[in-house]
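# Close look at the chain arrangement
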Amino acid sequence: MAQATPEPANGRDDEARAEHVYQLVLEGIVTGTFARGSRLRERELSDLYSVSRIPVREAIQRLEQDGFVATFPRRGAVVRQLTLTDVNELFDVRLCLETFAARMAATRVAQGASGARLEELMEASNAAIDDGRMDDVTLISAQLHTEIVRLSGNRLLMESVKPLFGRMRWIFGLAHNRSHELQRDEHTQLCSAILQGRPELAYSLAYSHIELGREPVLAGLAETLEP
């Protein structure tokens, strides 16, 4: 899990503290340090991250809004139990948002936007696959999809997909039955279309990449998640 750092010292930093704790707890959920169904106690998190309980409470509220945490009477905050319906809905939303992002990213590259960061992430992904660093593969894959959204230039879209990519990492960390080499091929084709400035091809490849991933992920989680 990411390491805690001291709280920022100036008065504007309540929001920064809450964001910092949010990212730390999210990383713990995504990586399984905080298991599904486990309680998130404010006092324990406050001690763990060396912050007051106020930013912890705010971070937990955000995590609940983003679908990672549920709150129950007398139990407090608990890491959500994912369902297969959650997974299916994630793929449905990705088909709507990420295909649009891919098309717009290719359009902007055709207009002169730089795709250098996307190329860097492709190289990093390939190296992680070659070295067998599976945790890094999952993380870099999420970063690659995030970069495509950033490259679209749509700020509202960028804000909207942040929780989705956290869920992607969470779900893909639980489902390991899809070939990383196959995903590499799909990523290569998608990124090449974007870097070549071909919007409609990028849209089609993004759609097929997401849809081809749905059934293997659902199959991999069928025995561990409720419908």
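Refer to the structure above for everything that follows.
Note that the structure is a prediction, hence the values are computed from the model and not measured.

## Considerations on helix H9 (residues 199–221)
Helix length check: H9, at 23 residues, gives a terminal C-alpha distance of 33 Å against a target of 33 Å (1.5 Å per residue), a fit within 8%. Regarding H9, the residues found buried are Ala202, Leu205, Ala206, His209, Ile210, Gly213, Arg214, Val217, Leu218 and Leu221. Here the buried face of H9 lies against helix H4 (84–110), helix H6 (134–152), helix H7 (155–174) and helix H8 (180–195).

## Topic: the packing of H6 against H8
H8 packs onto H6 with a crossing angle of 20 degrees between their chain directions and a minimal axis gap of 12 Å. In terms of orientation, H6 and H8 fall into the roughly parallel class. As H6 packs across H8, the resulting crossing turns out to be left-handed. Taken together, the residues of H8 that come into contact with H6 (itself represented by Met134, Val137, Ser141, Leu144, His145, Ile148 and Leu151) are His180, His187, Leu190, Cys191 and Ile194. Of the residues assigned to the contact of H6 with H8, the class counts are eight nonpolar, four polar and no charged.

## Looking at the pairing of strand S2 (residues 76–79)
Across four bridges, strand S1 (residues 69–72) lies against S2 in antiparallel orientation. Pairing of Thr71 across the sheet is with Ala77, part of S2. Linking S1 back to S2 in an antiparallel pair, the connection comprises three residues, with Arg74 at a positive phi of about 70 degrees.

## What about the pattern of salt bridges?
Tallied over the full model, the rule gives 16 salt bridges. Here Arg41 and Glu44 are joined by a salt bridge, their closest N and O atoms 4.0 Å apart. Relative accessible area serves as the criterion here: at 37%, Arg41 is assigned to the partly exposed category. A salt bridge links Lys162 to Glu159; the shortest N-O distance between them is 3.1 Å. Pair noted here: Lys162 and Glu159 are both in helix H7, with a separation of three residues, about one helical turn. Residue Lys162 is classed as exposed on the basis of its relative accessible area of 52%. Salt bridges here are not isolated pairs; linked through shared partners, they connect Glu42, Arg53 and Arg57.

## Examining the environment of Val51
Position of Val51 relative to the elements: it lies in the loop between helix H2 (42–49) and helix H3 (53–65). For the pair formed by Val51 and Glu147, sequence separation is 96 residues and the distance between their alpha carbons is 31 Å.

## Thoughts on the side chain of Arg94
With respect to the helices, strands and loops of the structure, Arg94 is situated in helix H4. Given a relative accessible area of 3%, Arg94 falls into the buried group. Not counting chain neighbours up to four residues away, the residues in contact with Arg94 comprise Thr99, His145, Met168, Phe172 and Ile210.

## Remarks on the environment of Ala124
One can find Ala124 in helix H5 (residues 116–131). Taking relative accessible area as the criterion, Ala124 reaches 28% and is therefore assigned partly exposed.

## Notes on H3
For H3, spanning 13 residues, the distance from its first C-alpha to its last is 18 Å, which sits close to the expected 18 Å at 1.5 Å a residue. Every buried residue of H3 is accounted for by Pro55, Val56, Ala59, Ile60 and Leu63. For H3, the angular spread of the buried residues around the axis is 140 degrees, confining them to a single face. Opposite its buried face, H3 presents the exposed residues Ile54 and Gln65, each directed more than 90 degrees away. Residues of H3 that are buried in the fold lie against helix H1 (14–31), H2, S1 and S2. A positive backbone phi angle near 90 degrees is found at Gly67, which sits one or two residues after H3.

## Concerning the environment of Ala106
Topologically, Ala106 is positioned in helix H4. Counting along the chain gives 25 residues from Ala106 to Asp131, while the straight-line C-alpha distance between them is 30 Å.

Basis of the calculations
- Residues numbered from 1 in each chain as written.
- Predicted model: local features only at pLDDT ≥ 70, side-chain atom pairs only at ≥ 80, totals over all residues.
- Heavy atoms only, no water.
- Helix = DSSP H or I, 4+ residues; strand = E, 2+ residues; numbered from the N terminus.
- Expected span 1.5 Å × (residues − 1).
- Buried < 20%, exposed > 50% of the residue type's maximum accessible area, 1.4 Å probe, protein only.
- Contact = heavy atoms within 4.5 Å.
- Axes fitted to C-alpha atoms, helices over the stretch in contact; angles between N-to-C directions.
- Parallel < 35°, antiparallel > 145°, perpendicular 65-115°, else oblique.
- Left-handed = near helix turned anticlockwise from the far one by under 90°.
- Nonpolar A, V, L, I, M, F, W, Y, C, P; charged D, E, K, R; others polar.
- Pairing = 2+ DSSP bridges.
- Salt bridge = Lys/Arg side-chain N within 4 Å of Asp/Glu carboxyl O.
- Arc of directions from axis to C-beta.

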